[in-house]
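Structural characterization, general
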Amino acid sequence: MTHNFPQAYINSINQLLTNEAQLFWDAMEVGTPCGGLRINTGKTSLADLGQVLPPGTPALPWCKDGFPLEETRDLGTHPYHKAGLYYLQEPSAMMPVAVLDPQPGERVLDLCAAPGGKTTQILSRMGNRGLLIANDPNPRRVQSLSRNLERWGGRSTAVLCETPSRISEHLGDFFDRVLVDAPCSGEGRFRSDSKEIKKWSPKFIERCCQTQDEILWFAAKMVRPGGVLVYSTCTFNQEENEGTIARFLEKNPDYNLEPIVPVAGYSQGIQLASAPKIDFSGTVRIWPHQTLGEGHFTARLRRNQAAPSPSRQFSAAKNQLKSDYHAIYSQFFDKTLRSTPGTGAISPGSRGLTNYGNRIYWIVDEMPSLEGLNVIHWGWWLGSIPGDKYLPSPALAYGLTPEDAQTVLEFSVEDPGLANYLRGSPLSSADLENLPQGWALVTCSGFSLGWGLIRRGRLKSYLPRWLRSN
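The paragraphs below set out a description of the structure included in this document. Note that the coordinates shown come from a computational prediction; the quantities given were computed from them, not determined experimentally.

Here we have three strands laid out as an open sheet, ordered E2-E1-E3, and antiparallel in their pairing. Either end of the sheet is taken by a strand with one partner, and the two such strands are strand E2 (66-69) and strand E3 (86-88). Put simply, the sheet's adjacent strands are angled 25° from each other on average, direction ignored. Relative to E2, strand E1 (residues 35-39) runs antiparallel, the two sharing four bridges. Each residue of the ladder has a partner; that of Gly-35, found in E2, is Leu-69.

Of the two faces of strand E18 (residues 408-411), the one lined by Leu-409 and Phe-411 is fully buried and the one lined by Val-408 and Glu-410 carries no buried residue. Pairing analysis gives four bridges linking E18 to strand E20 (residues 438-444), with the strands arranged parallel. In the strand pairing of E20, Val-408 is matched with Leu-441.

Among the nonpolar cores identified, the biggest contains 68 residues, and Val-180, Leu-229 and Leu-382 are the most heavily contacted of them. Top element by residues in this core is helix H11 (residues 323-336). It accounts for five residues. Every residue in contact with Leu-229, bar those within four places of it in the chain, is listed here: Val-178, Val-180, Leu-216, Ala-219, Ala-220, Val-223, Phe-248, Tyr-255, Ala-299, Arg-300 and Leu-301. Of all hydrophobic cores here, the second largest spans 31 residues; its members include Cys-63, Met-95, Leu-132 and Val-284.

This part covers the packing of aromatic side chains. The relative placement of two aromatic rings is captured by the distance of their centres and the angle of their planes. This structure, assessed with the given rule, holds 25 aromatic pairs. Relative to Phe-447, the ring of Tyr-80 lies with its centre 6.1 Å away and its plane at 75°, an arrangement referred to as edge-to-face. With Tyr-80 in helix H3 (residues 79-82) and Phe-447 in strand E21 (residues 447-455), this residue pair connects regions lying 367 residues apart in the sequence. Pairing Tyr-329 with Phe-332 gives two aromatic rings, centres 6.4 Å apart and planes at 40°, and the pair type is tilted. Taken together, the residues Tyr-329 and Phe-332, both in helix H11 and three residues apart, mark about one turn of the helix.

All chains considered together, the criterion is met by 18 salt bridges. Ionic pairing is found between Glu-242 and Arg-285, a salt bridge with its closest N-O pair at 2.8 Å. Placement of the pair is Glu-242 in helix H10 (residues 242-251) and Arg-285 in strand E11 (residues 284-286), with a sequence separation of 43 residues. On the basis of relative accessibility, which here comes to 0%, the residue Glu-242 falls in the buried class. The partner of Glu-258 in a salt bridge is Arg-300, with the nearest N and O atoms 2.5 Å apart. Placement of the pair is Glu-258 in the loop between strand E9 (255-257) and strand E10 (267-268) and Arg-300 in strand E12 (residues 296-303), with a sequence separation of 42 residues. Sharing partners across several salt bridges, the network here consists of Asp-173, Asp-254 and Arg-303.

What counts as what
- Residues numbered from 1 in each chain as written.
- Predicted model: local features only at pLDDT ≥ 70, side-chain atom pairs only at ≥ 80, totals over all residues.
- Heavy atoms only, no water.
- Pairing = 2+ DSSP bridges.
- Helix = DSSP H or I, 4+ residues; strand = E, 2+ residues; numbered from the N terminus.
- Axes fitted to C-alpha atoms, helices over the stretch in contact; angles between N-to-C directions.
- Buried < 20%, exposed > 50% of the residue type's maximum accessible area, 1.4 Å probe, protein only.
- Core = buried A, V, L, I, M, F, W, Y, C linked by side-chain atoms within 4.5 Å.
- Contact = heavy atoms within 4.5 Å.
- Phe/Tyr/Trp six-rings, centres within 6.5 Å; stacked < 30°, edge-to-face > 60°.
- Salt bridge = Lys/Arg side-chain N within 4 Å of Asp/Glu carboxyl O.

Without other data, these values stay purely geometric and don't point to any function.
This is the structure we're talking about:
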């Protein structure tokens, strides 16, 4: 083997796969990691992505909006990616949300959400309706989660940087569905990232199991009676997969394993010798030698309808928009936006408008009070008011269409002016002389990219620094 796999890992795989083990090792040595692309169905369709998705590319069996790709190298810098039209995601990583099956109007929690691939997939499945709370306890990783949700056009969302225990204590069994894509030993990433191999050891697996058990303990308390809890990892060993589920069910008798409907590419979970009474055939594994993807395990658990549930009233998020902020926001809205179905909810006077500090948010009616938690975004971030001026947020731009803005500056993909805007450079042109002074929504092929400020025939780019081209 060219990869320097630990002998304990080799033994583990050989024991799990027996007669198929050599096929697995062949795939790890000669196979190439499979990339993938998932379409943002809230913004676009397959027909619009001809520039980035080869015609005739078949959809994944477990995700009709996901497509396998041999090469994704240049797709992360394409303007369509910056506009949030698609997310680059490893194919098997799209499986857990398909199993979660979130529905429009539900309350959903993504408990270990960064960097946001599965979170954006949940948002698409919900049609941006209902409530999605995304959390990650890592302060550095939660920033990428926030940015990806902004780019996706998330409206009915909040972002937390909290521990599962504190969210559980604060909200209780508030959610219809909870996803735990748990931190794990990452064996499913060995082919694409050899650095993961160096971190692996039996002791590391033990630490991962302890973390997984703790997260699931609190996650279980946040699912309403009759609700769904989905657990997933991107690793292969049984300790973190079937073993974690066995330990969970032993401690949580109000949950049952619910069989996952099989589709092409799914492999059954492996029976655990230490838990003979649990049927793991309804859990799912994805193996890199059997189908597209690097590897995943997923189990679907349902809480009993008769599970004990304390009577609890959830206080709604109530934080009125300050009157002076309301005046500044109203002026921005009247000068910059149009009254359309897309802006109706955020029009001045909307009951969902609020501020936390100098940031303006729109918050869905279903949002509970998050006071006391470490909140990154309280809802749909619309902008900030530093001093007496309004600074629209990137999240607002990504949630709008050209029909929602009074001034739109449209570029084609090939336009040199677009390249300047994406670098953050100012633009000057005769066309800009004829446009109104103030904020303009910058678009590419009709898709929102961000804001620009027009002054005296020049456009200043307000594309976020984290999205700018070098």
